[in-house]
Amino acid sequence: MEQMRVVYEEVKVFGRELVDKVGQLIHAGNVRRIIIKDDKGNTFMEIPLTVATVGAIAAPVLAGLGAIAALIASFTIGVEKVKEEAVEPEPESDR
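Participant: Explain the pairing of strand E2 (residues 31-38) here, please?
Facilitator: Regular strands show a simple pattern: their side chains alternate between the two faces of the sheet. Sheet topology places E2 next to strand E3 (residues 43-48); five bridges connect them, and they run antiparallel. Of the residues in E3, the one forming a bridge with lysine 37 is threonine 43. Hairpin connection between E2 and E3: a loop of four residues separates the two successive antiparallel strands, and glycine 41 in this loop has a positive phi of roughly 95°.

In C-alpha cells:
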C-alpha cells in the first residue's frame, strides 16, 4: 500500500534560469503547485498543476515567465510536490 505525502521545497534562481527551471518542474509530473516570488517575498505567479492541464498551460506560462525574468534579477520558486511512500501493513494481532 502506498501513501501520498506533500512536500514543499524552495529553489533560488536568477532571471535567465527561471524559464528553464519552471519548464523542468512542469514536466516532472509530481508537482502540484509552483509559486514564483521575487527577492522581497512578493508572489508574482502561482501555478496550480494537474495532469489534465500540464500540456495546455506550459507554453503560455513559460512565455510570460520569460518576460518577467527580463525585468527582475532573482526569484524564489516554491514547489509543492507529491511523494509516494510505501506503507507496511500493520501486523494482525492474535487473540
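There is more to say, and it comes next.
Participant: Is there a simple way to think about the nonpolar core in this case?
Facilitator: The nonpolar side chains of soluble globular proteins are, as a tendency, buried together. Formed by 17 residues in total, the largest nonpolar core has its most connected members in Leu18, Val22, Ile34, Ile36, Ile47, Phe75 and Ile77. When contributions to this core are tallied by element, the ones reaching two or more residues are helix H1 (15-28), E2, helix H2 (54-71) and strand E4 (74-86). The residues touching isoleucine 77, leaving out its near neighbours within four places in the chain, are Glu9, Glu10, Val11, Val13, Leu18, Lys21, Val22, Leu25, Ile34 and Ile35.

Participant: Help me out: how do you make sense of the confidence of the model for the protein chain in this one?
Facilitator: A low pLDDT means the predicted coordinates there should not be read in detail. Predicted confidence across the protein chain gives a mean pLDDT of 78, with 78% of residues reaching 70 or more. No element of the protein chain has a lower mean pLDDT than H2, at 70, and none a higher one than E2, at 88.

Participant: Would you take a moment to explain the packing of aromatic side chains for this structure?
Facilitator: Ring pairs (aromatic) are described by centroid distance and by the angle formed between their planes. This model, assessed by the stated rule, comprises one aromatic pair. Ring geometry for phenylalanine 44 versus phenylalanine 75: centroids 6.4 Å apart, planes at 65°, classification edge-to-face. Linking phenylalanine 44 in strand E3 with phenylalanine 75 in strand E4, this pair joins segments that are 31 residues apart in sequence. Take phenylalanine 44: its relative accessible area is 38%, and that puts it in the partly exposed class.

Rules used throughout
- Residues numbered from 1 in each chain as written.
- Predicted model: local features only at pLDDT ≥ 70, side-chain atom pairs only at ≥ 80, totals over all residues.
- Heavy atoms only, no water.
- Pairing = 2+ DSSP bridges.
- Helix = DSSP H or I, 4+ residues; strand = E, 2+ residues; numbered from the N terminus.
- Core = buried A, V, L, I, M, F, W, Y, C linked by side-chain atoms within 4.5 Å.
- Buried < 20%, exposed > 50% of the residue type's maximum accessible area, 1.4 Å probe, protein only.
- Contact = heavy atoms within 4.5 Å.
- pLDDT = per-residue confidence, 0-100.
- Phe/Tyr/Trp six-rings, centres within 6.5 Å; stacked < 30°, edge-to-face > 60°.

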